[in-house]
Amino acid sequence: MVPEVDTPAHTFSWGRSLESTDFIINCGGAYSGQIDPSMEKGYNWTQQIFDYLNSKFTDELMHAGGDEVNTGCWNHRPHIKEFMTQKNIANYVDLQVYWRQQIKASFKKNSNKSLIFWSY
């Protein structure tokens, strides 16, 4: 069994926690709730979830979602554009690539499993 933690979209339920309201953007619509990739706390929170699941599932894979990202959602926070400029990220597709690279690198520090994603 391969557990899936769908990121950076489909995270509305995460935003219902008082601990995560700052890094979850509620954009409304069918896939509301999206992680703000400019905030370190979102990466840390995601890693904690992966660490927990890593200890519960024996499969060699863990799925990090990545589909149905509403890139327009990131327009709700101007500091995301500033973050993109600082990191030389050209567009929202590249921002999603950045998100994936960061969580994959973090994941590999604590696991010998492979982290997989849906294609774009």
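Residues numbered from 1 in each chain as written. Predicted model: local features only at pLDDT ≥ 70, side-chain atom pairs only at ≥ 80, totals over all residues. Heavy atoms only, no water.

Points about the packing of aromatic side chains
Using the following cut-off: Any Phe, Tyr or Trp ring, taking Trp's six-membered ring, that has another such ring centre within 6.5 Å forms a pair; planes under 30 degrees apart are called stacked, those over 60 apart edge-to-face, and the others tilted. Secondary structure counts use DSSP, requiring at least four H or I residues in a row for a helix and at least two E residues in a row for a strand, with both numbered from the N terminus. Definition used: whenever NZ (Lys) or CZ (Arg) falls within 6 Å of the ring centre and also within 35 degrees of the ring normal, the charge is taken to sit over that ring.
Applying the stated rule across the entire model yields five aromatic pairs. Considering the side-chain rings of Phe83 and Tyr98, the 5.6 Å spacing of their centres and the 75° angle between planes classify their relative orientation as edge-to-face. Here Phe83 is found in helix H2 (residues 78-86), whereas its partner Tyr98 is found in helix H3 (residues 92-110), with 15 residues between them in sequence. Of note, Lys81 hangs over the ring of Tyr92, and the distance from its end group to the ring centre comes to 4.7 Å.

Digging into the pattern of salt bridges
For side chains bearing opposite charge, pairing can occur when the charged atoms are close. We apply this condition: By convention in these notes, a salt bridge is any Lys or Arg side-chain nitrogen within 4 Å of a carboxyl oxygen on Asp or Glu. Relative accessibility decides the category of a residue: with a 1.4 Å probe and only protein chains considered, values under 20% of the type maximum give buried, values over 50% give exposed, and everything between is partly exposed.
Here the structure, examined in full by the defined rule, presents two salt bridges. Its salt-bridge partner being Asp22, residue Lys41 comes within 3.6 Å of it at the nearest N-O pair. Taken together, the positions of Lys41 in helix H1 (residues 40-56) and Asp22 in the loop between strand S1 (4-7) and strand S2 (24-25) put the pair 19 residues apart, joining distant regions of the chain. Taking relative accessible area as the criterion, Lys41 reaches 34% and is therefore assigned partly exposed. With relative accessibility at 34%, the residue Asp22 sits in the partly exposed group. As a salt-bridge pair, Asp36 and Arg77 come within 3.1 Å of each other at their nearest N and O atoms. Highlighted residues: Asp36 in the loop between strand S3 (34-35) and H1 and Arg77 in the loop between strand S4 (61-65) and H2, separated in sequence by 41 residues. Exposure class is identical for Asp36 and Arg77. Each is buried.

Remarks on the sheet that holds strand S5 (residues 114-116)
Note the cut-off: Each pair of strands is called paired provided DSSP finds at least two bridges between the two strands. To get an axis, fit a line to the C-alpha atoms, keeping to the stretch in contact for a helix; angles then go from 0 to 180 degrees between the N-to-C directions.
The three strands lie next to each other as S1-S4-S5, forming an open sheet whose pairing is parallel. Sheet topology places S1 and S5 at the edges, where each strand pairs with a single neighbour. Recorded for the sheet is a direction-independent mean angle of 30° between the axes of neighbouring strands. Strand direction decides the pairing type here: S4 and S5, joined by three bridges, are parallel.

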